[in-house]
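Here is what each chain is made of, one letter per residue.
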Amino acid sequence: MTALPLILGIGMTPFTGHRLDSNLTDMVVDAAVQAMRDAGATTAHVDMGVASYESDHFNQSMSLGPVWNEAIGLTGKPLVRVEGGGATGALALQTARTAIMAGEARAVLVFGGETNGRSVDRATATEILALSADLDWETPLFGSFAAPYALMMTEHMRCYGTTPDQFAHVAVKNRREALANPMAHKGMTISVDDVLTSKVLAAPYRLLDTSLLSDGAAAVLLATEEWAVEHSTTYGQRPSVEYSGAGSATDYPRLADRDPRFLAHFSAKRTAARRAYKMAGITNPMSEIDIAEVYDSFSGAEVQAYEDLGFCDIGSGGTAAVDGRFDREGSLPVNMSGGLLGRGSAVGATGIAQAIEVVGQLRGEVGAAREVRGARLGITDTHSGVGAICAVNVFRRAA
Amino acid sequence: MRIVAQEPVKHDELSNASSLQYEMTLAYSRTLGSASPFFEGLAGGVLRTTRCTRCSRTFFPPRRLCPDDHLETTWYELPGSGTVRVATRVYGAAPFGGFEAPYTLGIIALDGVDGAITHRILGDGVPEAGTRVAATFIGDEQMHPLLRVAFEVRSAL
Ligand SMILES: [Zn+2]
C-alpha cells in the first residue's frame, strides 16, 4: 500500500462570468457533492474539512467555512479555512495533505470557491484586488495588478530579449484550449495579432494578456489507501492518482524589496517547485513531467513559470512558448484546461480546479478533445500577488 | 448596509433565482503606525528612513525594529536621489487618484539606504535601467501621503 494520500474524488462547477442561478454556497455544495459521488463515499466517513476562499469582500461574508461545512454534512468535524491569495486552493490541498501525512485524519474534503465575476462592478473589483498589494507603500501607485506584473515582464524582456508576440502565444493557446473544456469561462479563437492590438493596460501587457475573473467552485476528496479500500466504492475501478509532492515558499511581497538580480523571476516558485519535486522524487522536471497547470494570471507569467518550474532553461521561456513544446502536441502540454486566461479564475477554487484537471488527465477521463495521452505525472502551480506565496503540487498515476 | 433593489432574475428555463442589490459603504480610520514620520517627512519635502543603532543596517521602507537586533531604530534623512532598476508605462488609473493615467512607474534604488521604492517617474518617457533620478515634492492636493513625492530624471550629472 502507498503511504501517500490518494485523490479519490473530484468535482467542480463551470467557471462563469456571473452565476445568477446559484449563490456561492450552492456552487460549493455542488462541487463537494460531485467529489463525494466521484469517490463513491459519504461525508459521514470524512474526518476533516478544509474551506478555501480568498476574499471576504467579493463574497460579502466572513467565515463561510462553517456554512459550507454544514451544508455538506460535515458539522462536528474539524474545519479550517485556508487563505493565501492566488495560491489559496493549492495551499488548501497542501493543508489537507499534511493532516493525512501526520496521521491526524484519514480522509479530508477540500472545498472552495469565489464570486470574482460580477458580484461587484468591475471598478470595485479592481479596487478590492488592488488591496492585495501593500496599501501604504504600493496600492496608491498601482492602477491594477497589471502594473507590478508589467514591471517584472519588462525586466524579463530586458534580460533575455523576450518579446510581446512570444507571450501572446500563451494568450492564444490557453483561450483555444478552453474551447474544448465545458467547465471553462470563455474559450476564444484569437490570433497573436488580436492580442498585440488589444488595449494596453501596463506595457507590455494588453487586455488579452490578462486572465478572467470568474464565479465558480471546486472540491477534492483526499484519503489514505486504507480508507479508500474501506469507504470508496469507486476505488480500484479506474487509475488511482497519488498526491506525490507538495511545496510552497514565500518571497518579499513588494517587488522593490526583492533581489534586483532576480526581478524577472518568481524566485519563490523555484523554491516551491524544488521542494515539491524533491518530495515526489522528480529529478528532471523537463523530461519527467507529462502535464502541468500553471498560474497564467498574465500571459507572460506563464512564460516566467516555464523557467522557474524548470520546464526550460532560464531566459528561454519566450522562444519555448512559440516552439510548441507546451501545446497539446508538445512534450509538456501546459494549461490544457484553458488556464486562468481561458477556464478563468474563481480564486478559492482555482488551485483546486487545476488539480482536478491534472487528475482528470491522469485518469484519462477528460475526453478526447483535450486529452493528453499517456500522461502519468502532472503538476499544478499557483501564486499570490506577484509571487509572494508560491505553491506547487505533484500528482502521479499510481497504476 | 442597505438593500437598494430586489428583483427576481430569470436566468434560464431551469432557474428562477432572485437577487438582491446591497449597498455598503466602508469608512476606515487607518493609522500609518511607526512609519508615520516617513509620511510626515514627505509633506515637509524630506525623504527619510531608519537605521539600526547597533549594527548600522539601513532599511527601506523604514522599520521600527532591526530584525537582527530587535532594537528601536533611529531616523535619518536620505539625499533623495536614486537609480532606476526597471520602469514601465501604466495606462490604468491609480485607485486613490492624485495623478492622471498614463504614467511611468519604476522601481528606484535609493541612495543612502540599502533599499528601493516603487514610485512614479514624471514625464512621458520610460527611463532605462541605470537612469539617475531625484525626488521632487508635490503640493498638498494629493489623496494619499505617499503621492506627495515623485521622481524626476536627472538630465546631466
Ligand atoms: Zn541591527
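The structure presented is a predicted model; accordingly, all values stated were derived computationally and were not measured.

## Here we look at the state of the cysteines
Under the criterion given, the structure shown has zero disulfides over all chains. Not engaged in a disulfide, the cysteine C390 of chain A finds its nearest cysteine sulfur in C312 of chain A; these two sulfurs lie 16 Å apart.

## Things to note about the domain arrangement of chain A
Residue and element names in this part refer to chain A. Annotation of chain A at the domain level lists domain 1 (6–119 + 214–231) and domain 2 (132–212 + 244–397). Computed over C-alpha atoms, the centres of domain 1 and domain 2 are 23 Å apart. Each partner contributes residues to the interface: domain 1 has 39 residues there, and domain 2 has 37 residues. Carbon and sulfur atoms supply 66% of the area buried between domain 1 and domain 2, which totals about 2600 Å² over both sides. Taken together, the connections running from domain 1 to domain 2 amount to one salt bridge. Where R363 meets D38, a salt bridge forms, and the shortest distance between an N and an O atom there is 3.0 Å. Scanning the region where domain 1 abuts domain 2 turns up 15 residue pairs in polar contact (both at pLDDT 80 or more). Contributions of two or more residues to the side of domain 1 that touches domain 2 are made by β1 (6–12), α4 (88–101), β4 (107–115) and β7 (215–223). The element that contributes the greatest number of residues to the side of domain 1 that touches domain 2 is α4, accounting for seven residues. Its residues assigned to classes, the side of domain 1 that touches domain 2 comprises 17 nonpolar, 17 polar and five charged.

## Some details on a nonpolar patch on the surface
Together, M1, I3, L20, Y22, M24, L26 and Y28 of chain B make up a nonpolar patch on the protein surface, roughly 790 Å² of accessible area in all. With respect to the element layout, I3 of chain B can be found in strand β1 (residues 2–8).

## Considerations on the UniProt feature "domain: ChsH2 C-terminal OB-fold" (unreviewed entry) in chain B
Following the UniProt record, one finds the feature "domain: ChsH2 C-terminal OB-fold" (unreviewed entry) at residues 75–137 of chain B. With 0% helix and 52% strand, the stretch residues 75–137 of chain B has end C-alpha atoms that lie 19 Å from each other.

## Examining the coordination of the zinc ion
Residues and elements named next belong to chain B. The coordination sphere of the zinc ion, as far as protein atoms go, consists of C52 (SG), C55 (SG), C66 (SG) and D69 (OD), spread over 2.0 to 2.3 Å. Bound by four donor atoms, the zinc ion shows angles of 103 to 117 degrees at the metal and therefore tetrahedral coordination geometry. Written as a sequence motif, the donor arrangement for the zinc ion is C-x2-C-x10-C-x2-D. Of this pair, C52 sits in strand β3 (residues 48–52) while D69 sits in the loop between β4 (58–59) and β5 (73–77); the two residues are 17 residues apart in sequence, bridging distant segments of the chain. A residue is classified by how much of its surface remains accessible, and C52, at 1% relative accessible area, is buried.

## Describing helix α10 (residues 267–280) of chain A
Residue and element names in this part refer to chain A. Its 14 residues place the ends of α10 20 Å apart at the C-alpha level, agreeing with the 20 Å of an ideal helix rising 1.5 Å per residue. Restricting attention to buried positions, one finds in α10 the residues A268, K269, T271, A272, A273, A276, Y277 and A280. Residues of α10 that are buried in the fold lie against β8 (241–250), α11 (285–288), α12 (299–308), β10 (377–383) and β11 (389–397). G281 sits one or two residues past α10 and shows a positive phi near 75 degrees.

## What to know about the sheet that holds β3 of chain B
Hydrogen bonds between backbone groups are what pair the strands of a sheet, and the pairing can be parallel or antiparallel. Residues and elements named next belong to chain B. Within the open sheet, the three strands sit side by side as β4-β3-β5. Their pairing is antiparallel. Strands with a single pairing partner mark the edges of an open sheet, and in this sheet they are β4 and β5. Across two bridges, the pairing between β3 and β4 is antiparallel. Looking across to β4, one finds that R51 is bridged to T58. Here helix α1 (residues 36–43) sits on the sheet and contacts β3 and β5; the angle it forms with β3, its principal contact strand, is near 145 degrees.

## Some thoughts on helix α15 (residues 347–363) of chain A
All names here are of chain A. Across its 17 residues, α15 extends 25 Å between first and last C-alpha, which sits within 8% of the 24 Å expected from 1.5 Å per residue. Most of α15 is tucked away, with 17 of its 17 residues classed as buried. G364 lies just past α15 and shows a positive phi near 75 degrees.

## Quick notes on the UniProt feature "domain: Thiolase C-terminal" (unreviewed entry) in chain A
Under the local residue numbering, the UniProt record ascribes the feature "domain: Thiolase C-terminal" (unreviewed entry) to residues 264–395 of chain A. Along residues 264–395 of chain A one finds 42% helix and 13% strand; the C-alpha atoms at either end are 28 Å apart.

So, how was this worked out
Residues numbered from 1 in each chain as written. Chains lettered and ligands numbered in written order. Predicted model: local features only at pLDDT ≥ 70, side-chain atom pairs only at ≥ 80, totals over all residues. Heavy atoms only, no water. Disulfide = S-S within 2.5 Å. Domains from an automatic or database assignment. Contact = heavy atoms within 4.5 Å. Buried area = accessible area lost by both parts, 1.4 Å probe. Salt bridge = Lys/Arg side-chain N within 4 Å of Asp/Glu carboxyl O. Polar contact = N/O pair within 3.5 Å; in protein donor to acceptor, adjacent residues only side chain to side chain. Helix = DSSP H or I, 4+ residues; strand = E, 2+ residues; numbered from the N terminus. Nonpolar A, V, L, I, M, F, W, Y, C, P; charged D, E, K, R; others polar. Patch = residues over 30% accessible without salt bridge, like charges linked within 9 Å, V, L, I, M, F, W, Y side chains within 5 Å. Areas by Shrake-Rupley, 256 points an atom, 1.4 Å probe, with all protein chains shown as cover. UniProt positions renumbered as here; feature names shortened; annotations may be inferred. Donors = N, O, S within 2.8 Å, 3.2 Å for Na, K, Ca; no water. Tetrahedral: all angles 85-135°; square planar, octahedral: opposite > 155°, others 65-115°. Buried < 20%, exposed > 50% of the residue type's maximum accessible area, 1.4 Å probe, protein only. Expected span 1.5 Å × (residues − 1). Pairing = 2+ DSSP bridges. Axes fitted to C-alpha atoms, helices over the stretch in contact; angles between N-to-C directions.

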